[in-house]
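The lines below spell out each chain.
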Amino acid sequence: MTDLLYVHGGTPLSGEITVRGAKNFVSKAMVASLLGETPSELRNVPQIRDVGVVTGLLELHGVRVDADAEGGVLRLDPTDVESAHVADIDAHAGSSRIPILFCGPLLHRLGEAFIPDLGGCRIGDRPINYHLDILRQFGAVVDKRENGIHIRAPRRLQGTKITLPYPSVGATEQLLLTAVRAEGMTELTNAAIEPEIMDLINVLQKMGAIISVDTDRVIRIEGVDRLVGFQHTALADRIEAASWASAALATGGDVYVRGATQPEMTAFLNTFRKVGGEFAIDDEGIRFFHPGGDLSSIVLETDVHPGFMTDWQQPLVVALTQAKGLSIVHETVYENRFGFTDALRGMGATIQVYKECLGGRPCRFGQRNFSHSAVISGPTPLTAADIEVPDLRGGFSHLIAALTAQGTSAVRGISLIDRGYENFTAKLEALGAKFDRD
Ligand code: EPU
């Protein structure tokens, strides 16, 4: 596929699309299969690039992966796991953040792991200090090298007590994937409890793990000696569902998202309603639509679950450019997630970013000079522009802006969007969007 899309904006999106399993769960469940002594089967797997990246890494370590891509089924057979060559792993350097989660499973299976420099979206510094601290606390030895990190376990990893400075999704997953086969009890305080993490816990329990999630973000894991394969259907991608919902709202459209589920989207649905969008939920999915009339401005703060997800923020900001009055969005998860607003300003949006914590309680970025609050003044008509996709969610937001704007926009670098949105051009077509490939 070409990397450039000419989008002829101004047509409301209307119709039906389907979302499958969550990118941010499927990739972790694939890594979990490494821990089993027998094969696993994962269903509802979307065809996105991140699945390809993790498949490549698993295959390098001797896991047999059979995919029925259309049917969304992956069979993962880890019976012949082996050490991969550093040079081969390095070829995957920079392509995703998932490799860091291979550490625990590989330490249990092979006693060592090599992790290349990590990729992922450039939406902040995205350090891995929590991950490395966790691995050290289990007894692993971490050796930073020029092109990555070498980690080894001189003896069986030992259960431990850890308090996270911030409820990081990746660090909580790191701990889970390491603790399930460590010796003894592990207790994690201030854990992340995102639905994707709960579904990972479901998978691990199917494999034989003993994990309890207590109140107040405490997770306890009783290490076991062996785990087996799992069969599991991935939970729906609530980020993709919310992205299409925001696209429907910004363009004045009406989109039925088959596969979208309510319980994981409560915070989004509340906000969508406050902005003036309407939705109708049934057993198969959620219909999101613009009921006509003015949209309302809101004050919004992103947060860890059960709050409003950071990944929902960027697509919704485009819809807020069409709302009447001043909206305030305070980003508290990533320090640098408003870079995408530069392009929106170029298209006619009135958005200012501020270093202060606006509209809510102070967050950990307030004193640190990061532009992490945005004030959006609307409604402003958007006009077509030549735009470059900056990252996955910011890129989808640009696409929504181009669909909302009058005229023809050139959206460059759209292959980045394939990382997390399955067949998005086919879905755009199904919703009546007008666009041409270069
Ligand atoms: N953090 C640290 N040190 C660490 C790890 C995290 O300081 O060792 C900080 C981060 O810099 C960030 C905050 O903690 O400020 C939260 O990061 P978290 O670890 O929760 O994020 P992540 O695991 O790297 C996942 C998703 C992101 C999503 C976040 C929050 C995957 C592959 N990625 O990232 O998804 O935004 O959780 O929900 O699961 C996306 O899908 O576009 C995306 C960026």
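Quick caveat: nothing in here was measured; it's all calculated off a predicted structure.

**Thoughts on the nonpolar core**
Core analysis: the biggest nonpolar cluster contains 72 residues, and Phe25, Leu42, Phe102, Ile151 and Leu204 have the highest contact counts within it. The contact partners of Leu204, leaving out residues within four places of it in the chain, are Ala32, Leu35, Leu176, Leu177, Val180, Ala209 and Ile211. Counting residues in each nonpolar core, the second largest holds 69 residues, with Ala250, Leu382, Ala401 and Phe424 among its members.

**What to know about the site of the ligand**
By nearness alone, 24 residues border the ligand, and Lys28, Asn129, Ser168, Val169 and Val333 come closest of all. At a separation of 3.1 Å, an oxygen atom of the ligand approaches a polar side-chain atom of Asn24. Ser168 has a polar side-chain atom sitting 2.6 Å from an oxygen atom of the ligand. Expressed as a share of its isolated accessible area of 830 Å², the protein-covered part of the ligand is 91%. If you list the elements that add at least two residues to the shell around the ligand, you get α1 (23-32), α5 (129-137), α6 (169-179), α10 (310-320) and α12 (392-404). Looking at the shell around the ligand residue by residue, the class counts come to 10 nonpolar, six polar and eight charged.

**Points about the packing of aromatic side chains**
Enumeration over the complete set of coordinates arrives at 10 aromatic pairs. With a centroid separation of 6.4 Å and 25 degrees between ring planes, the pair formed by Phe338 and Phe340 is classed as stacked. Of the two residues, Phe338 and Phe340, both sit in the buried class. Of the aromatic side chains, those joined through ring pairs into one cluster are Phe268, Phe272, Phe288, Phe308 and Trp312. In this structure, Arg287 is placed above the aromatic ring of Phe289, and the distance from its NZ or CZ to the ring centre is 3.8 Å.

**Looking at the packing of helix α8 (residues 238-251) against α10**
The packing of two helices is summarised by the inter-axis angle and the distance between the axes. Contact geometry of α8 with α10 gives a least axis separation of 8 Å together with a crossing angle of 5 degrees. In terms of orientation, α8 lies roughly parallel with respect to α10. Of α10, the residues touching α8 (which contributes Arg238, Ile239, Ala242, Ser243, Ser246, Leu249 and Ala250) are Asp311, Trp312, Pro315, Leu316, Val318 and Ala319.

**Observations concerning the pattern of salt bridges**
Enumeration over the complete set of coordinates arrives at 24 salt bridges. Residue Arg258 pairs with Glu284 through a salt bridge whose shortest N-O separation is 3.6 Å. Remark: Glu284 occurs in the loop between β15 (278-281) and β16 (285-289) and Arg258 occurs in strand β14 (residues 254-258); sequence separation between them is 26 residues. With a relative accessible area of 30%, Arg258 lands in the partly exposed category.

**Regarding the sheet that holds strand β24 (residues 434-437)**
On the basis of which strands lie adjacent, the open sheet formed by four strands has the order β22-β23-β1-β24 and mixed pairing. At either end of the open sheet lies a strand with only one pairing partner, and these are β22 (386-388) and β24. Taking the axes of each pair of neighbouring strands and ignoring which way they run, one obtains an average angle of 25 degrees across the sheet. Pairing geometry for β22 and strand β23 (residues 407-412), over three bridges, is parallel. Along β23, the bridge assignment pairs Ile387 with Val411.

Reading guide: rules and limits
Each chain has its residues counted from 1, following the order in which its sequence is written. A pLDDT threshold of at least 70 governs which residues receive local features in this predicted model, and a stricter bar of 80 or more applies before side-chain atom pairs are shown or counted, although totals over entire chains, interfaces and linings include all residues. Hydrogens and water are ignored here; the side-chain numbers use all heavy atoms of the structure. Definition used in this section: a nonpolar core is a set of buried Ala, Val, Leu, Ile, Met, Phe, Trp, Tyr and Cys residues joined via side-chain atoms within 4.5 Å. A simple rule labels every residue: compare its accessible area, found with a 1.4 Å probe on the protein chains alone, to the largest value its type can have, and call it buried under 20%, exposed over 50%, or partly exposed in between. Residues are treated as being in contact if the distance between any of their heavy atoms lies within 4.5 Å. When at least one non-hydrogen atom of a residue lies within 4 Å of a molecule or strand, that residue is treated as near it. N or O atoms closer than or at 3.5 Å make up a polar contact, with two conditions inside protein: a donor-capable atom paired with an acceptor-capable one, and, for residues adjacent in sequence, both atoms drawn from side chains. Throughout, the Shrake-Rupley method with a 1.4 Å probe supplies accessible areas, and for residues the shown protein chains are the sole cover considered. Strands are runs of DSSP state E lasting at least 2 residues, helices are runs of H or I lasting at least 4, and numbering of each runs from the N terminus. Gly is placed with the polar residues, together with every amino acid not listed as nonpolar (Ala, Val, Leu, Ile, Met, Phe, Trp, Tyr, Cys and Pro) or charged (Asp, Glu, Lys and Arg). Aromatic contacts are taken between Phe, Tyr and Trp rings whose centres are within 6.5 Å, Trp giving its six-membered ring; a plane angle under 30 degrees counts as stacked, one over 60 as edge-to-face, and the others as tilted. For a lysine, the NZ atom is tested; for an arginine, the CZ atom; a charge sits over a ring if that atom is within 6 Å of the ring centre and within 35 degrees of the ring normal. Fitted lines through C-alpha atoms give the axes, limited to the stretch in contact for helices. The angle between two N-to-C directions lies from 0 to 180 degrees. The scheme is simple: roughly parallel for angles under 35 degrees, roughly antiparallel for over 145, roughly perpendicular for 65 to 115, oblique for anything else. Salt bridges are defined by distance alone: a side-chain nitrogen of Lys or Arg within 4 Å of a carboxyl oxygen of Asp or Glu. Here the rule is simple: two strands pair whenever DSSP picks up at least two bridges between them.

Shape is all these values report; function is a separate question.
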